[in-house]
Amino acid sequence: MSGEARLEMLTRIHRAAAGPKLEIERPPIPASTRPRAEIVAQFAEYAAEYRAEVHRASEADLPVLLAALLSGQNVLVPEGFPAQLFPQPATHKPQTTHADLAAYDAVLTTCAVAIAETGTVVLDHGAGQGRRALTLIPDWHVCVVRSEQVVDSVPEAVAALQEAVLAGRPLTWISGPSATSDIELSRVEGVHGPRRLSIIVVD
Amino acid sequence: MSAGGIRPARPFPEAARDTLQDAQMRRNLKHATTTIREKRLRAVAELPDWEALRTRGAELKDASLSDLAEQLLTLEAAVKRCGGQVHWARDAAEACRIVTDLAALHGAREIIKVKSISTDEIELNAALEQRGIQAIETDLAELIVQLAGDTPSHILVPAIHKNRAEIRDLFRQKLGAELLTDEPKVLAEAARLYLREKFLSTKVAVSGANFAIAESGTVCIVESEGNGRMCLTLPDVLISVMGIEKVLPQWADIAPFMQLLPRSSTAERMNPYTSFWSGVIPGDGPQEFHLVLLDNGRTDVLADEAARQTLRCIRCSACLNVCPVYERAGGHAYGSVYPGPIGAILTPQLLQLEDENANTLPWASSLCGACYDACPVKINIPEILIYLRGQITPHKSHNLENTVESIAMKTAAWIFNEPFRFEGALKLARTGQGPLVQHGAIHALPGLLGGWTSSRNLPAFPAKSFRELWREEGEV
Ligand code: SF4
């Protein structure tokens, strides 16, 4: 059945494609020449425009900031998150069910790449970022972005993520908290994903 | 309840006559399209190389389409390598059968859905219902439309024809929600509560796909609300239905589209959430993944060299938002899940120009060209509209045969094909128009052509054509 459909579709396509295969060049993406500080500042500005709460901290101040920000919260910390930054005992166990995840107030993660052109953070769900459900179900996502992880443009980010994708890793691109404009075009934060997104840029 | 499919129940002029009566719909639509239009111009202006990006987007799609069989085979191999399964569906019925069989196999009584036009195209919800399986739309607007027993009127904001009071009444009635106000925030919260429970308890999810990367077997969903992430992450089984034209050869090829799509559709720098996944990811997300590759008329579009570029479409809806006909007639007038300018060319083609009602769609345009300017992958919609008019008129439609317009269109096609004919025709028109021109415009054309001028004036042809002026400047 299915084999028949496959064969027929491939035959139809072969018959349809009259011309030769169009070759396309893929020149390497030139790295941005803008000053780092400018790129990082733009990322922070654009992320904030998407109603993410953006904080900036030095490496040294980071543990203090995290402790203050998350005090009194029931925080989920994925495996691989640097323990010295947030010494609260790691609460995440791989077998935590989806319903259990809903009991957490917040989740604290790192990221893979951040994009200045759009104010986006990208998770490749490697160490410190957790599997996909972790940053989806709790209502507050706190994400630590190191300034050297910020790239200028979308093509640069795509290049930086190539290895992860070819290795079969999933990606989640996040630009601000969950939002909808479905009712009379008024923007409402948080229909399903986390309603609050905090981004901490570490210089 | 069916989501509509692609067979219009009535010819466009007839359907549009009715939708034009709906003042509320027109107000909402005008507000929406004007807002998005203005925002979009700002978002586009931010990228210095927008034109180059559009060209790149068009080239990449064309390259992939020119090698489609190979790309699909590469995609299939990669998805399998990553632990997913691939199905091939020649038409809507076959795709529906594959999905419903899979859902039934898992004993599903309910499935959750990410908003997807391809599943609307194949009328999947109705097919599931016949097997006793209820499809629950999880996109807020799709949910509103579904609860109302209505059909979407816009690709991107499907419930744009409904206002907040209507939505509140609907939620009170159908979700039993106690809603004290009709604040969008309160309404969204009601939907959140209702759907949260569905996300956590449903075992099978169905989605479409915005893009798929052949080399890595990676599928992509672009969204705003997080309902997509929920469906793609929480259930045990995920089934994605993808039109075969969505494939891109390499991972690097996604870059221009992640720049073009959000700015063209919601006029944002980036949409809130985009998910990429390859097959199944051990310990993370659904542990069973099925990709359904859908033809349903697409290979016929591919076979038509003149209209093939239709398949570049990334469903951004920019062409809807700039179209004067769409803005007034509304999405429902098109009678297909693909409304607006893209619908006017895609719907009749997917039906092999065999559907009388769909064949009226290429006339639902003023040919103003705004859609072509807005399209992020440079689909020349006006050109295809004219081409389809020429195709439909002589062969397919008896009642349109040898009408004045069919002859005019055939002549126009012949004239536009060669520059010298075009210039010759302009000269002829200038000479011939003499007695008809009053104050620089033609108010009434003679004979059968009078239909054209009964509701508008035709600007008189200028004394000199642009080409003539250009030549006089010594540039050619
Ligand atoms: S035809 Fe172009 S503008 Fe219209 S939806 Fe498709 S990609 Fe967007």
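None of these values were measured; they are calculated from a predicted model.

As for the overall build of chain A
Of regular secondary structure, chain A possesses 5 helices and 11 strands. Principal-axis analysis of the C-alpha atoms places the extent of chain A at approximately 65 × 45 × 40 Å. Evaluated residue by residue, chain A yields a buried proportion of 53% over its 203 residues. Relative to all contacts within chain A whose residues are 6 or more apart in sequence, the contacts with residues 24 or more apart total 72%. When the accessible surface of chain A is split by element, carbon and sulfur atoms take 55% of a total near 8,600 Å².

As for the site of the ligand
Around the ligand sit 13 residues, and of these C313, C316, S317, C319 and C375 of chain B come closest. Looking at side-chain class alone, the shell around the ligand contains 11 nonpolar, 1 polar and 1 charged residues.

Quick word on the packing of aromatic side chains
How two aromatic rings sit relative to each other is given by the distance of their centres and the angle of their planes. Under the definition given, this model contains 6 aromatic pairs over all chains. Pairing Y326 of chain B with Y334 of chain B gives two aromatic rings, centres 6.2 Å apart and planes at 35°, and the pair type is tilted. Take Y326 of chain B and Y334 of chain B: they sit in the same class, and that class is buried. Here the aromatic cluster, defined as three or more aromatic residues joined through ring pairs, consists of W173 of chain A together with W251 and F276 of chain B. Of note, R229 of chain B hangs over the ring of Y273 of chain B, and the distance from its end group to the ring centre comes to 4.6 Å.

Regarding the confidence of the model for chain B
Overall, the predicted model of chain B reaches an average pLDDT of 87, with 82% of residues at or above 70. Low pLDDT, under 50, characterises residues 398–402 of chain B; the predicted model gives this stretch 10 contacts beyond four residues in sequence or across chains.

Brief notes about the sheet that holds strand β3 (residues 134–137) of chain B
Residue and element names in this part refer to chain B. With parallel pairing, 6 strands are arranged side by side in an open sheet as β1-β10-β7-β4-β2-β3. A strand with exactly one partner marks an edge of an open sheet, and here the two such strands are β1 (85–89) and β3. Taken pair by pair, the neighbouring strands of this sheet meet at an average axis angle of 25°, ignoring direction. Pairing of strand β2 (residues 110–113) with β3, which is carried by 4 bridges, proceeds in the parallel orientation. Residue pairing for β3: I111 is matched across the bridge by A135. Seen against the sheet, helix α4 (residues 68–81) touches β1, β7 (237–243) and β10 (288–294) and runs at an angle of roughly 145° to β1. Contacting β2 and β3, helix α10 (residues 184–201) crosses the sheet at an angle of about 130° to β3.

Details of the interface of chain B and chain A
On the chain A side, the residues contacting the 92 residues of chain B number 69 residues. Regarding the contact of chain B and chain A, the summed buried area is about 6,800 Å², with carbon and sulfur atoms giving 60% of it. Counting every contact that joins chain B to chain A gives 10 salt bridges. One salt bridge in this structure joins R192 of chain B and D139 of chain A, with 2.9 Å as the shortest N-O distance. Our count for the contact surface shared by chain B and chain A stands at 29 residue pairs in polar contact (both at pLDDT 80 or more).

Notes on unusual backbone geometry
Residues apart from glycine generally show negative phi values, whereas peptide bonds are mostly found in trans. Residues and elements named next belong to chain B. Residue E123 is not a glycine yet carries a positive backbone phi of 55°. Inspection of the secondary structure puts E123 in the loop between α6 (117–121) and α7 (124–130). We classify E123 as partly exposed; its relative accessible area is 33%. A positive phi angle, near 55°, is found at K378, a position not held by glycine. Assignment of secondary structure puts K378 in the loop between α17 (370–374) and α18 (381–396).

A few points about the sheet that holds strand β9 (residues 273–278) of chain B
A sheet is described by the order of its strands in space; here 8 strands give the open sequence β7(A)-β4(A)-β5(A)-β8(A)-β9(B)-β6(B)-β5(B)-β8(B), paired in mixed fashion. Strands at the two margins of the open sheet, each flanked by one partner only, are β7 (150–151) of chain A together with β8 (247–248) of chain B. In this fold helix α12 (residues 254–265) of chain B packs onto β8 (171–174) of chain A together with β5 (211–213), β6 (218–223), β8 and β9 of chain B, with an angle of close to 165° to the strand it touches most, β5 of chain B.

A short note on helix α1 (residues 2–16) of chain A
A rise of 1.5 Å per residue sets the reference length of α1 of chain A, with its 15 residues, at 21 Å; its end C-alpha atoms lie 21 Å apart and thus fit the reference within 8%. Among the residues making up α1 of chain A, those that are buried are A5, M9, L10, I13 and A16 of chain A. Seen end-on, α1 of chain A carries its buried residues on one side only, within an arc spanning 125°. Among the exposed residues of α1 of chain A, those oriented more than 90 degrees off its buried face are L7, H14 and R15 of chain A. For α1 of chain A, the secondary structure elements touched by its buried residues are α4, β1, α5 (92–105), β10 and α13 (298–303) of chain B.

Observations regarding the nonpolar core
Membership of the largest hydrophobic core comes to 146 residues, with the highest contact counts inside it found for W173 of chain A together with L75, F171, W251, I254 and L293 of chain B. Every residue in contact with L75 of chain B, bar those within four places of it in the chain, is listed here: A212, I213, A214, G217, M242, V247, L291 and L293 of chain B. Residues I98, L128, A135 and V241 of chain B belong to the second largest nonpolar core, which totals 23 residues.

Focus on the state of the cysteines
By the definition in use, this model includes 0 disulfides over all chains. Looking at the unpaired C143 of chain A, the closest cysteine sulfur is the one in C111 of chain A, lying at 4.5 Å. According to the relative accessible area criterion, C143 of chain A is buried, its value standing at 0%. Between C82 of chain B, a cysteine without a disulfide, and C220 of chain B, which holds the nearest cysteine sulfur, the sulfur-to-sulfur distance is 15 Å. Assessed through its relative accessible area of 18%, C82 of chain B is described here as buried.

Calculation criteria
- Residues numbered from 1 in each chain as written.
- Chains lettered and ligands numbered in written order.
- Predicted model: local features only at pLDDT ≥ 70, side-chain atom pairs only at ≥ 80, totals over all residues.
- Heavy atoms only, no water.
- Helix = DSSP H or I, 4+ residues; strand = E, 2+ residues; numbered from the N terminus.
- Buried < 20%, exposed > 50% of the residue type's maximum accessible area, 1.4 Å probe, protein only.
- Contact = heavy atoms within 4.5 Å.
- Areas by Shrake-Rupley, 256 points an atom, 1.4 Å probe, with all protein chains shown as cover.
- Near = heavy atom within 4 Å.
- Nonpolar A, V, L, I, M, F, W, Y, C, P; charged D, E, K, R; others polar.
- Phe/Tyr/Trp six-rings, centres within 6.5 Å; stacked < 30°, edge-to-face > 60°.
- Lys NZ or Arg CZ within 6 Å of the ring centre and 35° of its normal.
- pLDDT = per-residue confidence, 0-100.
- Pairing = 2+ DSSP bridges.
- Axes fitted to C-alpha atoms, helices over the stretch in contact; angles between N-to-C directions.
- Buried area = accessible area lost by both parts, 1.4 Å probe.
- Salt bridge = Lys/Arg side-chain N within 4 Å of Asp/Glu carboxyl O.
- Polar contact = N/O pair within 3.5 Å; in protein donor to acceptor, adjacent residues only side chain to side chain.
- Expected span 1.5 Å × (residues − 1).
- Arc of directions from axis to C-beta.
- Core = buried A, V, L, I, M, F, W, Y, C linked by side-chain atoms within 4.5 Å.
- Disulfide = S-S within 2.5 Å.

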